[in-house]
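What follows is each chain in one-letter form.
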Amino acid sequence: MKTSVSSIISFLFLSFLLVVVAALAGDFNQEFDVTWGDGRVKILENGQLLTLSLDKTSGSGFRSKRQYIFGKIDMKIKLVPGNSAGTVTTYYLSSLGPTHDEIDFEFLGNLSGDPYILHTNVFTQGIGDREQQFYLWFDPTKDFHTYSILWNPRSIIFSVDGTPIRQFRNLEASRGIPYPKNQPMWIYSSLWDAEDWATRGGLVKTDWSQAPFIASYRNFNAQACIWSSGSTSSCSRNSTANSWITESLDNSGQARIKWVQKNYMVYNYCTDIKRFPQGFPLECSLN
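Residues numbered from 1 in each chain as written. Predicted model: local features only at pLDDT ≥ 70, side-chain atom pairs only at ≥ 80, totals over all residues. Heavy atoms only, no water.

With that settled, the discussion passes to the overall build of the protein chain. What the protein chain contains, in helices and strands, is 4 helices and 16 strands. Burial statistics for the protein chain: of 287 residues in total, 53% are counted as buried. The contacts of the protein chain with a sequence gap of at least 6 include a subset with a gap of at least 24, amounting to 70%. A total of about 13000 Å² of accessible surface is found on the protein chain, and carbon and sulfur atoms cover 49% of it. (Helix = DSSP H or I, 4+ residues; strand = E, 2+ residues; numbered from the N terminus. Buried < 20%, exposed > 50% of the residue type's maximum accessible area, 1.4 Å probe, protein only. Contact = heavy atoms within 4.5 Å. Areas by Shrake-Rupley, 256 points an atom, 1.4 Å probe, with all protein chains shown as cover.)

See below:
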């Protein structure tokens, strides 16, 4: 059955407990659990700084304590400096299971002096294959930069330092294109070795003499709805604090996306004729 945006929003307010949270400069001790890495995740500065480490033995990762169903998520990240070839730093939302939904930022390392590739993807009902990749217009290893995911019933918007780089609109009701709307998701991040594919298709391998590789995180902020079954919602459409739940790109935002995609996009599944010889996915002509 097709579902309108307004129906989705109404469902949020009637079906389950959704609590708006604003975790400004969130404490990593309070907001996240270490999921793997055997001591390679460090939380410092009274919970305000988190670092992930990768060496030849293992990478590391963490996951939010809460699940979210729609939200505006910000994280400041400083990526692995120097020769980061073969490494991947991830920051994403995901549910679980074979029909999971997922919203991805992945940062593909490179040789010293060569740019990182920012890889994005959207999974709906277990199906991804919606990759778009970008160079950044700054060195992401010199300082912290803000990487944001806005996920609401209207669209998913990826942004870097407040500049939108990609939008995936909810066209499920009008065109039958699946959209993440029912599955609560955790926030994940990890640093791991992917030398078999990450840099130039695996041609450039990880230089373990540069280990440990370290990525750093600050200023987690979630304006979001926390999933908890069994009660009513406190996510009010009428609250100005929750304006993100109906937020969409204005003309300025659309212009900035076009600027980024014209100048910094290096791969777009919607233009990969070899991959889709029978025709591009429907959303390519609509998003």
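For the coordinates displayed, the defined rule picks out 1 disulfide. Disulfide pairing places Cys270 opposite Cys284 at an S-S distance of 2.0 Å. For the disulfide bridge between Cys270 and Cys284, the dihedral angle about the S-S bond is near -80°, and by the sign convention the bridge is left-handed. Taken together, the residues Cys270 in the segment after β16 (265-268) and Cys284 in the segment after β16 connect sequence positions 14 residues apart. (Disulfide = S-S within 2.5 Å.)

This part takes up the sheet that holds strand β7 (residues 87-94). Read across the sheet, 8 strands follow the order β2-β5-β14-β7-β8-β9-β10-β16 without closing on themselves; strand pairing throughout is antiparallel. Of all the strands in the sheet, just β2 (32-36) and β16 have a single pairing partner and so form its edges. Put simply, the sheet's adjacent strands are angled 15° from each other on average, direction ignored. Bridge count between strand β9 (residues 117-123) and strand β10 (residues 132-134): 3 bridges; the pairing is antiparallel. The partner of Thr120 across the bridge, within β10, is Gln132. (Pairing = 2+ DSSP bridges. Axes fitted to C-alpha atoms, helices over the stretch in contact; angles between N-to-C directions.)

Turning our attention to the packing of aromatic side chains. Applying the stated criterion across every chain, the model contains 20 aromatic pairs. Judged by centre distance (5.7 Å) and plane angle (90°), the ring pair of Trp137 and Phe138 falls under edge-to-face. On the basis of relative accessibility, which here comes to 28%, the residue Trp137 falls in the partly exposed class. The exposure class of Phe138 is buried, given its relative accessible area of 18%. Taking 5.8 Å as the distance between ring centres and 65° as the angle between the ring planes, the aromatic pair formed by Trp137 and Trp259 counts as edge-to-face. Here Trp137 is found in the loop between β10 and β11 (145-151), whereas its partner Trp259 is found in helix α4 (residues 251-263), with 122 residues between them in sequence. Under the relative-accessibility criterion, Trp259 is labelled partly exposed at 39%. Put simply, the rings of Phe28, Phe32, Phe62, Tyr217 and Phe220 pair up and form one aromatic cluster. One cation-aromatic arrangement involves Arg63 over Trp186; the distance from NZ or CZ to the ring centre is 4.0 Å. (Phe/Tyr/Trp six-rings, centres within 6.5 Å; stacked < 30°, edge-to-face > 60°. Lys NZ or Arg CZ within 6 Å of the ring centre and 35° of its normal.)

Attention now moves to the environment of Gln48. Structurally, Gln48 can be placed in the loop between β3 (41-44) and β4 (49-54). Classification of Gln48 by relative accessible area gives partly exposed; the value is 28%. Along the chain, Gln48 and Asn29 lie 19 residues apart, while their C-alpha atoms are 8.5 Å from each other.

UniProt tags Glu102 and Glu106 as "active site" (unreviewed entry). Position of Glu102 relative to the elements: it lies in strand β8 (residues 102-108). Apart from the residues lying within four places of it in its own chain, the contact partners of Glu102 are Tyr92, Leu93, Ser94, Asn121, Val122, Phe123 and Met185. Side chain to side chain, Glu102 and His100 meet in a polar contact 2.9 Å long. (UniProt positions renumbered as here; feature names shortened; annotations may be inferred. Polar contact = N/O pair within 3.5 Å; in protein donor to acceptor, adjacent residues only side chain to side chain.)

Since the α-helix packs 3.6 residues into each turn, any two residues three or four apart lie on the same face. Here α4 spans 18 Å end to end across 13 residues, near enough to the 18 Å set by a 1.5 Å rise per residue. All of the buried residues in α4 are Gly253, Ile257 and Val260. What you see down the axis of α4 is that its buried residues fit within an arc of 65°, all on one side. Away from its buried face by more than 90 degrees, α4 exposes Asn251, Lys258 and Lys262. Summarising the contacts, the buried residues of α4 are in contact with β10, β13 (163-169) and β16. With a side-chain oxygen lying 3.2 Å from the backbone nitrogen of Ser252, the N-terminal cap of α4 falls on Asp250. (Expected span 1.5 Å × (residues − 1). Arc of directions from axis to C-beta.)

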